[in-house]
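# Architecture at a glance
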Amino acid sequence: MKDKLVSIITPCYNTGAILHRLLDSVLMQDYPYVEMFCIDDGSKDNTRYVVESYISKFGEKGYNLSYIYQENAGQSYAINRALKLVTGKYLLWPDSDDYYNSSAFISKLVTKFEELPQDYGLVRSALQFVDEDTLETLSTSGLDAPDYKDFELFEDCLFSRNGFYFPPIAYMVRIDYLKEVTGLEIFCAKNTGQNWQIMLPILARYKSYTIKEILCNVLARSNSHSRGQYGDIDGIIKRYHSYEDTLVSAINSINGLESRKKEFYISEIRNLLVTDLFNVILVRKSSEHIRRLYKRLCDLGNAKITHHIIYIITFIPYGLTVYLKLHKLLTN
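The notes below deal with the structure included here. All values reported here derive from a predicted model rather than from experimental measurement.

Of note, serine 267 is situated in helix 9 (residues 259-284). Serine 267 gets classed as partly exposed once you look at its relative accessible area, which sits at 35%. Note: C-alpha distance between serine 267 and valine 248 (19 residues apart in sequence) is 9.3 Å.

So, about the side chain of threonine 182. Tracing the backbone shows threonine 182 in helix 6 (residues 175-182). Judged by relative accessible area, threonine 182 falls into the buried class, the value being 15%. A polar contact of 2.6 Å, which involves the side chain of threonine 182, links it to the backbone oxygen of leucine 178. A polar contact of 2.9 Å, which involves the side chain of threonine 182, links it to the backbone nitrogen of leucine 184.

Attention now moves to helix 1 (residues 19-27). The complete set of buried residues in helix 1 reads Leu19, Leu22, Leu23, Ser25, Val26 and Leu27. Here the buried face of helix 1 lies against strand 1 (6-12), strand 2 (34-41), helix 2 (47-61) and strand 5 (99-100).

Right, let's talk about the pattern of salt bridges for a bit. Charged atoms that come close allow side chains of opposite charge to pair. This structure, assessed with the given rule, holds 13 salt bridges. The residue aspartate 119 makes a salt bridge to lysine 207 at a minimum N-O spacing of 3.3 Å. Residue aspartate 119 is found in the loop between helix 4 (105-115) and strand 6 (120-131), and its partner lysine 207 is found in strand 9 (residues 207-220); the two are separated by 88 residues along the sequence. Aspartate 176 serves as the salt-bridge partner of arginine 174, at 3.3 Å between the closest nitrogen and oxygen. The class of aspartate 176 is partly exposed, set by a relative accessible area of 28%.

Let's shift gears to the side chain of serine 25. Mapped onto the elements, serine 25 comes out in helix 1. Those residues in contact with serine 25, other than ones at most four positions away along the chain, are Tyr99 and Tyr100.

Reading the values: rules and limits
- Residues numbered from 1 in each chain as written.
- Predicted model: local features only at pLDDT ≥ 70, side-chain atom pairs only at ≥ 80, totals over all residues.
- Heavy atoms only, no water.
- Helix = DSSP H or I, 4+ residues; strand = E, 2+ residues; numbered from the N terminus.
- Buried < 20%, exposed > 50% of the residue type's maximum accessible area, 1.4 Å probe, protein only.
- Polar contact = N/O pair within 3.5 Å; in protein donor to acceptor, adjacent residues only side chain to side chain.
- Contact = heavy atoms within 4.5 Å.
- Salt bridge = Lys/Arg side-chain N within 4 Å of Asp/Glu carboxyl O.

Okay, structure coming up:
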């Protein structure tokens, strides 16, 4: 591992038209030691041509850029593959449609790592979401992030609460710490991302720091591969199952976390996901899926059923009528 080197891993899928923004934003960095791996996840467009056209530009800057192709398998497989290739001290893993808006992004995060005690394993910056066509700012995240103590960010990441933001463009971790907690081997599945598998093990063992400056942009795209759409009910259910599998695997992989805590976190995650999914499907009014989910909800206990009765009656238009029809449907 090279002491000052920053390694960047970027999965790419049909982003040839916009990938140049990320590559240009890496080239504009004022930090001198960078290696980057673009993992082409089976693109059908000109992604390969775009990446290869930048290799010489990276070389002129003193950086190293590598293009690697794989048959379409998903982001997690792309990241997992590249983790075996990195040689740096710090890791960035931005999505290919996002980009840095500050030439000092890398240097500021590395400098902050060097200033912090050794028990810090993650540093992130604030970010802004921009319109895919105009690149105008839509919203921001991180400027008002709490000043976390100890390992509070772990549960915010796990339960997606308190404004936790996931776009990996804003995050940097120490590779030796990531190797310690994951062995540089993360859970992979076709429709699974990679953030929980990297963030949770680090946040469970090490502290984090937020630089409250907007240093990067997240493109709000309607057809983003990494933030893909699951419009129909079967697709939504598939997504939730993917979330559950990923989170359970990430929790179980955390070295040093007590078995009792693992069981608690897994139970809470399963409860939250199934109740959230029940709400989504209930609004969609799919009887077949409601029956299946209701049965699973019953297995979680009466408190959850009571919660949903209150939810239906209170928040859904004509909620009492909906509840009575639902009750009839499920008791027949």
